[in-house]
Amino acid sequence: MESELSLLYNYLTVGTLVFGVGMVGFLARRNLIVMFLSAEMMLQGVSIDLVGWSRYHDNWDGQILVLFMIAVAACEAAIALALVLMLYHHAGNLDVAFWQGTREENLPAYVDQEIPEVSQPAPAWPELTPAGIEPAANIEELTHREHV
Amino acid sequence: MSESFLHLLLVLIPALPLAAAVVTAALGPRLLRQQSHVPTVAALVLATIGSAVLLVGVWQQVRESGGGPRETIGWSTTVELWSWAEIGGAYGSPPPSFRDAPAGFDVGIVLRVDPLTAGMLAMVTFVATLIAVYSTGYMHDDPSYWRFFSYISLFAFSMAMLVSVSNFVLLYVFWEAVGACSYLLIGFWYTKREAAAAGKKAFLVNRVGDFGFALAVMLIWTTYGTLNFHDTSQSAGVLGQTMLQEPQRYVAGGVGLAICLLLMLGACGKSAQFPLHVWLPDAMEGPTPVSALIHAATMVTAGVYMVTRCMPLFLVSPAAQTTVAVIGATTALMAGLIAMSQNDLKRVLAYSTISQLGYMFLSLGTGTLLGVVAGMFHLLTHAFFKALLFLGAGSVMHAMGGVIDIERIGGLRRRMPITHGTFLVGCLALAGIAPLSGFWSKDSILGAVHERGHHGDHVAIFWWLYIAAMVTVVLTALYTFRAFFKTFYGPEQIPSAAGSHGHESPRSMSVPLLVLAVCAAGAGAFLVPFSEFIVNTPSLADPRIALDQPAHQMHLNVALTSTACAVGGIVLAGVLYLRSAAALSWIVRRLRGLYVLSRQKFFLDEIYAVLVVWPCLGLATAAYWFDRRIIDGLVQAAVAVPLRVGQLLRGMQTGLVQVYALLMVLGLVAVAGVLLR
C-alpha cells in the first residue's frame, strides 16, 4: 500500500512537471508551432495524472480514457497544423502577436517589438511555348457584365 | 314600369361605376393603359341611360299615385339588399320619445328612390358622363391615366349611393366615401407639393364638418331610436310616412335645434359654406375635370341634398332655418366679394361655386316649399353651367399650357371660338340673364327669400338677406364677366408656356362643352315640371310646408330687379375691364380696405393659421420634444448602464492569445486557491 502511494506521487510529480513546462511554454513562447507543442504537453501532463490515478484505484477506465485522448489529440494536431500552415501561407509569419484582429476596435494593437517584415520573392511561373492559335477575344463578353 | 324594375335600375346605377372602378384599377396599369377610360365611360353611359329610365319610371309612378286618395305623403320606394347590422337592445332603457321604436340598432343596406333621388341620380350620372368624356381629351398624356378613371368611377359610385341610401349611417358612410374620392383626386398629382397640401387641407377641414354630422347622427339615434329614413316593420323611420303624418312627433326645442345645427355643420364642411369654405379654392389644385365634377357640380351639393332630405327635421326649428339662411347669404356675399379680385380663373370659379352654394342654403333656410324647390332647382342648373364654366376653364388651361392666370392671358376669342361661345353661355347663365337656366333658378330663390321677408318668423332678418342676395347678383355678374372679358377680350396675350398648343381643344373636349352649354341654356324650361315632380318627395311633401303653398311662383318685380342688377354688373364689368382702366384704379384706390380684404380672402386662412394651425403645431412640437427628450431619454438612460460597464471590461479584449491564456491560468489559480483553502 505504501509503495502504491509513493508510485502515485511519482506519477503526479511527473505529470505536474510536464503540465507546468507546457503551460509556461504556452504563455512565454510566441511561435505558433511551439505554442501548439506546449499545449500538447499540457494535455499529456494531464494524461499522466489520469494514468497514475487509474493505477492507484485499480480501475482501468482512466487508462482507456487516455488512449482516447491520444487519438483525439492526433486528430486535433492534424487540424491545428493545417491551420498553422494556412496562417503561414496567408501572412508569411508565425508570430502569434501578428494576429490581434479580435481585439476591441478602439484599442491600440499591442507591440512589444516590431515584427520584422518578411519579403516574399515574386513567384516564378513556368513559361510554356505557345501552341496553336490564340483565340479571338470576345469584346461583348469583356465589356458587358450581367452581374455587378 | 313595375317597382321591381325600378329597384333593379336603382341597384345597377351605382353598381356599374363600382364595377368599372374595380376593373380599371385591376387591369388599368398593365392591360388597358391608354384605353383605361373605356370601362368608366361605358359604365357611366349605361348608368345615365338607367337614370333617365328611372326618372321616367318615377314620373309615371308619381302621376299614377297622384290621382288616388292622399293617404301617403309623397311617393318613394325602397329595396333592401341585405342587413348590415342588427344589434338588439342596443339602447338600455329607451326614452319616451322612442314610442314604438324597438331600441335596437338595425342598419340595412337599403336603397330608396323618390323624385329627389331620381333627379339627383340623373344629374350626377349625366354630368359625370360628360366629364369622363372630356377627361379622355384633357388627361390624354398623363402617366396615371388609369388611376384617374378608377377614381372617377369610384366617385360616381359613392355619389350615386349617397343620394340613394335610406339610412343615416349609410349616408354618413358615403358622405365620407365621396370625401375620400375628393381627397384622392385633389391630390391626384401628389408629387406636386401644393396639390398634396390642398388635399390634406380639404380632408382636415371636412373632418370638422363630418364631426358635426357624426354627432347629429348619434343625436338622431338617441332621440328617435332609429336611423332609417323609411318605415320598417319594427320602427317608424325618421323621414317615414308615420312621422310625416304625425309631425308633432318630431322633437322640437333644444334637441331639435342641436340636431339641425350639427347637420348644418356637416353640410357646411362638405358644401364649403362659411366658415368651413377655405378648402374649396385650394381644391382647384386637382385636375380641372375633377374641379368641374366634384368641386362644382356634384359632391359639394351633397350638403344641399342632405339638408333638403332632412327638411322635416329643420321644420321644427325656425331658429335653425334662419341660421341656415344667414350662413348661406353670408357665404354668398363674402365669396362674391373675394371672387372680385382673384386672378386665377379656376379660383374665381371656385369662389363663385361657394357663392352659388350659399344661394342654395339661403333658399333652403327660408323653410318654405317655394324656397326648398328653388334651392334644388338651382342645384340642378348650377351643376350644368358651373360644370360648363370649369370645363371651359380647363379648355383654356389645356391650350395655354397650364397657365390660368387671367392677367397673363387675353383675347382668346379668335383662337378658341367654341370655348369662347360656350363660356359666354355659362357666364350669362351664372349671371342670371333670361332666358338662360340660371335666371329661372336664381330668380326662384330671390322670389322665395323676398316672400319670406314678408311672412313667417324673423321677417326682418330675411329682408336683409334679400338685400344681400341682390347685392350678390351684381357681384356675380361683375366677377363672372371680369374673368370672361380678361380671358377672351382685350389684346391677344398668350403665355410662352402655351407653345404650339394655343388652339381650340380636341373634339372629345369641345363636344361635352357644347352639350353642357345646351343644358345650361335650356334647363330653365324645366322649372315648372321639375317643381311639380320634386314636391312628391316625402320630405318635401311634408304637410307642414306642402299645404296651400305653390311650388313655384314668378315675382315680376323681383325678376326685373335682379335682371337689372345682373345687366348692370355686366355693363360695369365691360366698362371697367375693357374700356377704362383709369376708372378701375380709381375705384380700387377709393375702396382700398375692401380691395385688400377681398384680395386676401378676408384673411380667413391667416386667422385659421393663428387660431388652429399654430396651436396644433405648437402642441405637436411639444409632444415631439417630450417624446424625444423624456421618453427616449429614459430608454437611453437604461441603455447607458450596460454600455458603461461594458466599456470598463473592454480593455481586456486585446486580441492576444497569450493574454487570454494568462487570464485562464490566473482564473485556474484563483479557483484552486479557493478549493485548497
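The rules behind the values
Residues numbered from 1 in each chain as written. Chains lettered and ligands numbered in written order. Predicted model: local features only at pLDDT ≥ 70, side-chain atom pairs only at ≥ 80, totals over all residues. Heavy atoms only, no water. Helix = DSSP H or I, 4+ residues; strand = E, 2+ residues; numbered from the N terminus. Rg over C-alpha atoms; globule rule 2.2 N^0.38 Å. Buried < 20%, exposed > 50% of the residue type's maximum accessible area, 1.4 Å probe, protein only. Areas by Shrake-Rupley, 256 points an atom, 1.4 Å probe, with all protein chains shown as cover. Lys, Arg positive; Asp, Glu negative; His and termini not counted. Charge placed at Lys NZ, Arg CZ, Asp CG, Glu CD. pLDDT = per-residue confidence, 0-100. Pairing = 2+ DSSP bridges. Contact = heavy atoms within 4.5 Å. Buried area = accessible area lost by both parts, 1.4 Å probe. Salt bridge = Lys/Arg side-chain N within 4 Å of Asp/Glu carboxyl O. Nonpolar A, V, L, I, M, F, W, Y, C, P; charged D, E, K, R; others polar. Core = buried A, V, L, I, M, F, W, Y, C linked by side-chain atoms within 4.5 Å. 1 Å grid on protein atoms, 1.4 Å probe; cavity = no way out; pocket = protein on both sides within 12 Å on 5 of 7 lines; lining within 4 Å. Points joined across faces, edges and corners; volume = space filled by probe spheres on them. Phe/Tyr/Trp six-rings, centres within 6.5 Å; stacked < 30°, edge-to-face > 60°. Lys NZ or Arg CZ within 6 Å of the ring centre and 35° of its normal. Axes fitted to C-alpha atoms, helices over the stretch in contact; angles between N-to-C directions. Parallel < 35°, antiparallel > 145°, perpendicular 65-115°, else oblique. Patch = residues over 30% accessible without salt bridge, like charges linked within 9 Å, V, L, I, M, F, W, Y side chains within 5 Å.

A. Broad picture of the overall build of chain A. The secondary structure content of chain A amounts to four helices and zero strands. Along its sequence from the N terminus, chain A presents helices and strands in the succession α-α-α-α. Relative to the globule expectation of 15 Å for 148 residues, the C-alpha radius of gyration of chain A, 26 Å, shows a markedly less compact shape. Reported as C-alpha extents along the three principal axes, the dimensions of chain A are approximately 90 × 40 × 35 Å. Within chain A, buried positions represent 20% of all 148 residues. Just so you have it, chain A exposes about 11,800 Å², and 65% of that area is on carbon and sulfur atoms. Measuring between centres, the 5 positive side-chain charges of chain A sit 7 Å from its 18 negative side-chain charges.

B. Spatial organisation of the confidence of the model for chain B. Residue and element names in this part refer to chain B. A residue-level look at chain B finds 96% of positions with pLDDT of 70 or above and a mean pLDDT of 87. The secondary structure element of chain B with the lowest average pLDDT is helix α21 (residues 543–546), at 74, and the one with the highest is helix α4 (residues 145–164), at 93. The ipTM, which scores confidence in the relative placement of chains, is 0.72 for this predicted complex, and the corresponding pTM is 0.78.

C. Representation of the pairing of strand β2 (residues 105–113) of chain B. All names here are of chain B. Within β2, seven of the nine residues are buried, leaving the element largely enclosed by the surrounding structure. As judged from the nine bridges shared by strand β1 (residues 77–87) and β2, these two strands associate in the antiparallel manner. In the strand pairing of β2, W82 is matched with I109.

D. Structural view of the interface of chain B and chain A. Contact with chain B, which involves 12 residues of that partner, is made by 17 residues of chain A. Together, R650(B), L656(B) and Q658(B) form the three largest contributors to the area buried by chain B at its contact with chain A, with a combined 44%. Summed over the shared surface of chain B and chain A, the result is zero salt bridges. Per-element accounting of the side of chain B that touches chain A gives the leading share, six residues, to helix α26 (residues 657–675) of chain B. A breakdown of the residues in the side of chain B that touches chain A according to their chemical character gives six nonpolar, five polar and one charged.

E. Structural context of the confidence of the model for chain A. Of all residues in chain A, 93% attain a pLDDT of 70 or more, and the chain-wide mean is 85. In the model of chain A, helix α4 (residues 139–143) of chain A stands out as the element of lowest mean pLDDT, 73, in contrast to helix α2 (residues 32–56) of chain A, which has the highest, 93.

F. Quick peek at the environment of V238(B). All names here are of chain B. Mapped onto the elements, V238 comes out in the loop between α6 (193–224) and α7 (241–245). The class of V238 is buried, set by a relative accessible area of 0%. Sequence separation between V238 and T223 is 15 residues; the distance between their C-alpha atoms is 9.9 Å. Each residue touching V238, except ones within four places of it in the same chain, is listed here: F168, I220, Y224, T226, N228, F229, M243, Y250 and L313.

G. View of the environment of V217(B). Residues and elements named next belong to chain B. Looking at the element boundaries, V217 is found in helix α6. C-alpha separation for the pair V217 and G358, spaced 141 residues apart in sequence, amounts to 24 Å. Discounting chain neighbours no more than four positions away, the residues touching V217 are F168 and L227.

H. Just the nonpolar core, in detail. In this structure, L54(B), F168(B), L171(B), L263(B), W279(B), L313(B) and F314(B) are the most contacted members of the largest nonpolar core, which totals 204 residues. Looking at this core, the element that brings in the most residues is helix α15 (residues 369–399) of chain B, giving 20 residues. What F314(B) contacts, discounting residues up to four positions off in sequence, is C260(B), L263(B), V307(B), A320(B), Q321(B) and V324(B). M42(A), V84(A), V96(A) and A661(B) belong to the second-largest nonpolar core, a separate cluster that totals eight residues.

I. Representation of the layout of surface pockets within the structure. Residue and element names in this part refer to chain B. The space that makes up the largest pocket amounts to roughly 740 Å³. What lines the largest pocket is a set of 23 residues, and nearest its centre among them are K201, L204, V205, Y608 and V613. Contributing elements (two or more residues each) for the lining of the largest pocket: α6 and α25 (604–650). Broken down by element, the residue count for the lining of the largest pocket peaks at nine residues, all from α6.

J. Here's a closer look at the side chain of N206(B). All names here are of chain B. Structurally, the position occupied by N206 is in helix α6. The exposure class of N206 is buried, given its relative accessible area of 5%. Those residues in contact with N206 that lie beyond four places of it in its chain are G269, K270 and W279.

K. The arrangement of the pattern of salt bridges in detail. All names here are of chain B. Considering all chains together, one arrives at 14 salt bridges over all chains under this definition. With a shortest N-O distance of 2.7 Å, D114 and R309 are connected by a salt bridge. Residue D114 is located in the loop between β2 and α3 (115–138), and its partner R309 is located in helix α11 (residues 302–309); the two are separated by 195 residues in the primary sequence. For R309, a relative accessible area of 1% puts it in the buried group. Residues joined in a network through salt bridges with shared partners are K201, D282, R347 and D605.

L. Structural detail: the packing of aromatic side chains. All names here are of chain B. Scanning the model with the defined rule gives 27 aromatic pairs over all chains in all. Geometrically, the ring pair formed by F157 and F174 is edge-to-face, given 5.7 Å between the ring centres and 85° between the ring planes. In this pair, F157 sits in helix α4 while F174 sits in helix α5 (residues 168–186), placing the two residues 17 residues apart along the sequence. Considering the side-chain rings of F481 and F484, the 5.7 Å spacing of their centres and the 75° angle between planes classify their relative orientation as edge-to-face. With F481 and F484 both in helix α18 (residues 459–488) and three residues apart, this pair spans about one turn of that helix. Across this residue pair, the class does not change: F481 and F484 are buried. One cation-aromatic arrangement involves R147 over F188; the distance from NZ or CZ to the ring centre is 4.4 Å. Stacked on the ring of F203, the Lys or Arg R207 has its end atom at 4.4 Å from the ring centre.

M. Inspection of the packing of helix α22 (residues 556–579) of chain B against helix α23 (residues 581–590) of chain B at higher detail. Residue and element names in this part refer to chain B. Close contact between α22 and α23 brings their axes to 6 Å; oriented N to C, the two are set at 110°. Relative to α23, the element α22 lies roughly perpendicular. Contact residues: L576, Y577 and R579 in α22; A581, A583, L584 and I587 in α23. Residue classes in the contact of α22 with α23 are distributed as six nonpolar, no polar and one charged.

N. Expanded view of a nonpolar patch on the surface. Residues and elements named next belong to chain B. Together, L591, L594, V596, L597, F603, I607, V610, L611, V612, V613, W614 and L617 give the surface a local cluster of nonpolar side chains, amounting to about 1,000 Å² of exposed area. Considering every element that reaches the nonpolar patch, the biggest residue donor is α25, with seven residues. Along the chain, the position of L591 falls in the loop between α23 and α24 (592–599). Its relative accessible area of 44% is what places L591 among the partly exposed residues.

O. Structural detail: unusual backbone geometry. Here the amide bond leading from F274(B) into P275(B) is cis, since omega sits at 5°, within 30 degrees of zero. With respect to the helices, strands and loops of the structure, P275(B) is situated in the loop between α8 (253–270) and α9 (279–282). Positive phi values are uncommon outside glycine, yet D58(A) reaches one of about 55°. Residue position: D58(A) is located in the loop between α2 and α3 (61–91). Classification of D58(A) by relative accessible area gives exposed; the value is 63%. One non-glycine residue, F603(B), adopts positive backbone phi at about 55°. Turning to its location among the elements, F603(B) is positioned in the loop between α24 and α25.

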